[in-house]
Amino acid sequence: MRETRKHRRAPRRRLQDILIMAIMSFCVLIILYPFFIMLFVSVKSTKEALISPSSLPTEFHWENFVIAWQKMNFLNVFKNSVFVTSLSLIGIIILSGLAAYIIAWSKYTRFYNFLYLFFLCGIMIPFYTSLVPLVKLMTALGLTNSRVGMTLYYCGRNMPMAVFLYTGFIRGIKERY
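Residues numbered from 1 in each chain as written. Predicted model: local features only at pLDDT ≥ 70, side-chain atom pairs only at ≥ 80, totals over all residues. Heavy atoms only, no water.

Caption draft 1: Expanded view of the confidence of the model for the protein chain. Confidence in the prediction of the protein chain, expressed as mean pLDDT, is 90, and 95% of residues score 70 or more. Taking the mean pLDDT of every element in the protein chain, the minimum, 86, falls on helix α1 (residues 2-42) and the maximum, 95, on helix α4 (residues 74-105). (pLDDT = per-residue confidence, 0-100. Helix = DSSP H or I, 4+ residues; strand = E, 2+ residues; numbered from the N terminus.)

Caption draft 2: Region of the structure containing the nonpolar core. Among the nonpolar cores identified, the biggest contains 10 residues, and these are I92, A99, I103, Y116, F119, L120, C155, M159, A162 and V163. Going through the elements one at a time, α4, α5 (109-124) and α7 (147-176) are the ones with two or more residues in this core. Element by element, the count of residues in this core is highest for α7, at 4 residues. Excluding its chain neighbours within four sequence positions, the residues that come into contact with M159 are I92, L95, S96 and F119. (Core = buried A, V, L, I, M, F, W, Y, C linked by side-chain atoms within 4.5 Å. Buried < 20%, exposed > 50% of the residue type's maximum accessible area, 1.4 Å probe, protein only. Contact = heavy atoms within 4.5 Å.)

Caption draft 3: Molecular detail of a nonpolar patch on the surface. Together, V28, I31, L32, F35, F36, M38 and L39 make up a nonpolar patch on the protein surface, roughly 630 Å² of accessible area in all. In this structure, I31 sits in helix α1. (Patch = residues over 30% accessible without salt bridge, like charges linked within 9 Å, V, L, I, M, F, W, Y side chains within 5 Å. Areas by Shrake-Rupley, 256 points an atom, 1.4 Å probe, with all protein chains shown as cover. Salt bridge = Lys/Arg side-chain N within 4 Å of Asp/Glu carboxyl O.)

Caption draft 4: Just the packing of α4 against α7, in detail. Direction vectors running N to C along α4 and α7 enclose 35°, while the axes themselves pass 6 Å from each other. As α4 packs across α7, the resulting crossing turns out to be right-handed. Classifying every residue of the contact of α4 with α7 by side-chain character gives 20 nonpolar, 8 polar and 3 charged. (Axes fitted to C-alpha atoms, helices over the stretch in contact; angles between N-to-C directions. Left-handed = near helix turned anticlockwise from the far one by under 90°. Nonpolar A, V, L, I, M, F, W, Y, C, P; charged D, E, K, R; others polar.)

Caption draft 5: Spatial organisation of the packing of aromatic side chains. Inspection of the entire model under this criterion finds 11 aromatic pairs. On the basis of an interplanar angle of 5° and a centroid distance of 5.6 Å, the ring pair of F60 and W62 is categorised as stacked. Aromatic pair F127 and Y153: ring centres 6.4 Å apart, planes at 65°, arrangement edge-to-face. Here the residue F127 occupies a position in the loop between α5 and α6 (131-141), and Y153 occupies one in helix α7, the gap between them amounting to 26 residues. Judged by its relative accessible area of 26%, F127 is partly exposed. These aromatic residues form a ring-pair network of at least three members: F127, Y128, Y153 and Y154. The cationic tip of R171 hangs over the ring face of Y116; the distance from NZ or CZ to the ring centre is 4.8 Å. The ring of W105 has K174 lying over it, and the distance from NZ or CZ to the ring centre is 5.4 Å. (Phe/Tyr/Trp six-rings, centres within 6.5 Å; stacked < 30°, edge-to-face > 60°. Lys NZ or Arg CZ within 6 Å of the ring centre and 35° of its normal.)

Caption draft 6: Looking closely at the packing of α4 against α5. At a closest axis distance of 9 Å, the pairing of α4 and α5 adopts a crossing angle of 140°. With respect to each other, α4 and α5 are oriented oblique. Crossing handedness for the pair α4 and α5: left-handed. In contact with A99, I102 and I103 of α4, α5 contributes Y112, L115, Y116 and F119. (Parallel < 35°, antiparallel > 145°, perpendicular 65-115°, else oblique.)

Caption draft 7: How the structure looks around α4. Its 32 residues give α4 an end-to-end C-alpha distance of 46 Å, which sits within 8% of 46 Å, the value for a rise of 1.5 Å per residue. Every buried residue belonging to α4 is among V84, S88, G91, I92, S96, G97, A99, A100, I103 and A104, and all of these are buried. Buried residues in α4 make contact with α5 and α7. (Expected span 1.5 Å × (residues − 1).)

Shown next as structure tokens:
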């Protein structure tokens with residue numbers, strides 16, 4: 001009796017699997033569509049890209065990549081990105097780790113709870129509310145259009161979330177042991 005039920009369910013299960021795979025494949029195509037359009041446009045001539053951006057290219061223009069590389073000075077841009085990202089990441093990890101350790105293990109809880117809430121406010125305040133004062137401050141300090149200014153900005157902007165995560169992690173370890 002049980003075997004017949006299994007055999008009856010097998011085609012239904014296969015049909016469900018096929019239907020799920022079809023829906024997932026359709027979703028993947030929708031998600032990848034802009035990526036393919038970007039690839040098609042990147043190897044077209046300017047005229048062809050403006051006339052029909054979503055069609056396949058009639059003629060491939062691989063020199064577009066060389067022109068873009070030269071015009072944007074890609075190697076310099078890449079070095080700047082690596083520099084700013086590396087320094088910001090090192091600063092965020094070290095400073096927020098130290099702050100979270102002190103907050104999590106402190107005995108004077110009133111002050112350190114206030115400090116923890118101060119960092120949480122950095123997460124809750126929307127970015128656009130602090131944009132104008134940030135630009136004025138960076139201009140007054142002479143840090144606009146500089147790698148140091150970008151590094152300090154990224155450290156300051158991402159430290160509240162890192163302190164929040166580190167503090168929770170350290171408190172979890174503290175409670176366990």
